[in-house]
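The chain contents come next:
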Amino acid sequence: TIPKVELQEQLRYQERQLQKGIKYLQPPPLPPNHVSRQNLLEEIATKLYQAALDPNNSGTTLTITGAPGFGKTTIVTSLCYHPAIKEQFTDGFLSVTLGPQATDPIIKLRALYNLLTNEQCDINVVEQKIRQLTSSYYRNLLVIIDDVWHVEDAVPIVKAFSACKIILTTRMNDVEQYIPSKQTVTIGPMELSEAITLLTCKVIDSSQLSGEDLRLLEELAQDVHLWPLLLSLVRGQVSHNLKRKHSYHRAIQTLQAKLHDKGLTAFDRNNMTSVDKCRNLAVKACIEMTLELLPKSLSDKIKTLILWTGIGTSLQVEVLNALWSVSKQEAQFITETLWSYGIVRLTNIKISHTNATQDHLDVHAVISQYIIECMDSEEVSNLSPHGKADSVMREMQLIFNQSHGLDDPSSLTVVDFLKYLLSQIENLWVP
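Note that the structure is a prediction, hence the values are computed from the model and not measured.

**Observations concerning the confidence of the model for the chain**
Detailed conclusions should not be drawn from predicted coordinates in areas where pLDDT is low.
Moving on, step 1. Residue-level pLDDT values for the chain average 79, and 77% of them are 70 or greater.
Moving on, step 2. Here residues 16-20 is modelled with pLDDT under 50, and outside its nearest four sequence neighbours on either side it reaches nine contacts, counting other chains as well.
Moving on, step 3. Note on residues 425-431: pLDDT under 50 across the span, and 38 contacts to partners over four residues away in sequence or across chains.

**Let's talk about helix H13 (residues 296-309)**
Moving on, step 1. For H13, spanning 14 residues, the distance from its first C-alpha to its last is 20 Å, which sits close to the expected 20 Å at 1.5 Å a residue.
Moving on, step 2. Taken across its 14 residues, H13 has 10 buried, putting it largely inside the fold.
Moving on, step 3. Of the positions making up H13, those classed as buried are Leu298, Ser299, Asp300, Lys301, Ile302, Lys303, Thr304, Leu305, Ile306 and Thr309.
Moving on, step 4. Where H13 ends, the next residue or the one after it, Gly310, has phi of about 80°, a positive value.

**Some thoughts on the packing of aromatic side chains**
Moving on, step 1. Scanning the entire structure with this criterion turns up two aromatic pairs.
Moving on, step 2. Both rings, one in Phe70 and one in Trp227, keep their centres 5.3 Å apart while their planes meet at 80°; by these two values the pair is edge-to-face. Highlighted residues: Phe70 in the loop between strand E1 (60-66) and helix H3 (72-79) and Trp227 in the loop between helix H9 (211-223) and helix H10 (228-243), separated in sequence by 157 residues. By the burial criterion, Phe70 is buried, and Trp227 matches it.
Moving on, step 3. For the ring pair Phe89 and Phe93, a centre distance of 6.3 Å and an interplane angle of 55° mean the geometry is tilted. Across the pair, exposure class does not vary: Phe89 and Phe93 are buried alike.

**Let's talk about the nonpolar core**
Moving on, step 1. If you look at the biggest cluster of nonpolar residues, it comprises 79 residues, and the most contacted ones within it are Leu305, Leu320 and Trp324.
Moving on, step 2. Residues in contact with Leu305, not counting those within four places in the same chain, are Leu315, Leu320, Leu323, Trp324, Val344, Leu361 and Val363.
Moving on, step 3. Judged by nonpolar contacts, the second largest core, of 30 residues, contains Leu116, Cys121, Ile157 and Ile179.

**Quick notes on the sheet that holds strand E3 (residues 141-148)**
Moving on, step 1. Sheet architecture is open: five strands sit in the order E2-E3-E4-E1-E5, paired in parallel fashion. Looking along the sheet, the strands with just one partner apiece sit at the ends: strand E2 (92-99) and strand E5 (181-187). Between one strand and the next, the sheet's axes are offset by a mean angle of 15°, whatever the strand orientation.
Moving on, step 2. As paired elements, E1 and E5 share six bridges and run parallel to each other. Across the sheet, Thr60 pairs through a bridge with Ser181, a residue of E5.
Moving on, step 3. Where helix H2 (residues 38-52) meets the sheet, its contacts fall on E1, E3, strand E4 (165-170) and E5, and the angle it forms with E5 comes to roughly 170°.

**Overview of the packing of H9 against helix H11 (residues 248-261)**
Moving on, step 1. At their nearest, the axes of H9 and H11 sit 10 Å apart, and the two run at 30° to each other. When the interaxial angle is binned, H9 and H11 end up roughly parallel. As H9 packs across H11, the resulting crossing turns out to be left-handed. The residues of H11 that touch H9, namely those facing Glu212, Asp213, Leu216, Leu217, Glu219, Leu220 and Asp223, are Tyr248, His249, Ile252, Gln253, Leu255, Gln256, Leu259 and His260.
Moving on, step 2. Partitioning the contact of H9 with H11 into residue classes produces seven nonpolar, four polar and four charged.

**Topic: the environment of Asp213**
Moving on, step 1. With respect to the helices and strands, the residue Asp213 is situated in helix H9.
Moving on, step 2. Expressed as a C-alpha distance, the spacing of Asp213 and His249, which sit 36 residues apart in the sequence, is 5.7 Å.
Moving on, step 3. Residues contacting Asp213, with those up to four places away along its chain left out, are Tyr248, His249 and Ile252.

**Examining unusual backbone geometry**
Moving on, step 1. Residue Asp147 is not a glycine yet carries a positive backbone phi of 60°.
Moving on, step 2. With respect to the helices, strands and loops of the structure, Asp147 is situated in strand E3.
Moving on, step 3. By relative accessible area, which is 16% here, Asp147 ends up buried.
Moving on, step 4. If you check the backbone angles, His225 has positive phi at about 60° while not being a glycine.
Moving on, step 5. By secondary structure assignment, the location of His225 is in the loop between H9 and H10.

Rules behind the numbers
- Residues numbered from 1 in each chain as written.
- Predicted model: local features only at pLDDT ≥ 70, side-chain atom pairs only at ≥ 80, totals over all residues.
- Heavy atoms only, no water.
- pLDDT = per-residue confidence, 0-100.
- Contact = heavy atoms within 4.5 Å.
- Helix = DSSP H or I, 4+ residues; strand = E, 2+ residues; numbered from the N terminus.
- Expected span 1.5 Å × (residues − 1).
- Buried < 20%, exposed > 50% of the residue type's maximum accessible area, 1.4 Å probe, protein only.
- Phe/Tyr/Trp six-rings, centres within 6.5 Å; stacked < 30°, edge-to-face > 60°.
- Core = buried A, V, L, I, M, F, W, Y, C linked by side-chain atoms within 4.5 Å.
- Pairing = 2+ DSSP bridges.
- Axes fitted to C-alpha atoms, helices over the stretch in contact; angles between N-to-C directions.
- Parallel < 35°, antiparallel > 145°, perpendicular 65-115°, else oblique.
- Left-handed = near helix turned anticlockwise from the far one by under 90°.
- Nonpolar A, V, L, I, M, F, W, Y, C, P; charged D, E, K, R; others polar.

Below you can see the structure in the form of structure tokens.
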């Protein structure tokens, strides 16, 4: 039973929420072909639960670190659907992505304040306003600050939401020197059984695998170091071989032979120099092999996308036709093809200031970085989306008009459209 005093406080809190019109913030959706990492998920859920019980919350509640492409974002999203975590965070989940080219954090805070209140706020007091708001109305909100590359991008957000519980994901090993954390979890490779599930997901029924097929699949997973990002690329290549009428056994053998031709060999897991060298080689081999399977026209479209968005930034699927100079049907087909090869990621995002839900697409930073490094100046010049800004912006304005039911574009106010553009730039998950 709940003590009377605590029950009264809960009722007063709920009454304040109703008066303010506070609504439950839905978690971001799980990605397609999501594979549960149950043991890791239970470990993180337990640590978050324990850390969240500490009333003296300062800095972050939980920091999740790990190499790029190891699944930090996916595991945090999965955490939002864990029964114990959903029960604990009754106000819901607020996720903000930073990345290598993060917008000024004060601008992000203004967008977040607008999301929570539907009101604008002066940049000079926005941090204080959010702190006051969350102290009164969002005490049971879990804030996810995802993909922190630079500490200075995250600190203002951590301070503003200090009344809430916060999860921070980063590839940085020293982030706790600047942002204290109650608990830290380092994410490593997948378990072998999880890797097999990821490799076979939507490709073949694993129950149909022979013992020899399973052995080859396990070797293949080990060749790419049980790394989720590389496993997704490998799955795309296996699927490609199957479409060429290869048997599953031959599809795996062909792929494994190519990986070995690229120089992938067994390595000493106790020798970190060997591990790092082999991982770098695995990244190079998997990306090269995937790009070799694609027609040049598709490879060029990936490069144009990366040159437009930069590293770690997403773009609306609905404006890709303008960026690539193709029809919307062709853009949809290209997007689905690239996703099937594991080259791009799709995220379903609800857009601030509208009731619309839109698909966003991005290329993982590991892949983007490698592709950019391999491009020479002539190729950059030829594929840079010069002159595309006007057509892309027109597509964004059209989408905005449709989502607001505006038949007459002249009825669109500049302020409203700028707000909409900001929501695209911010790349926020908005419930």
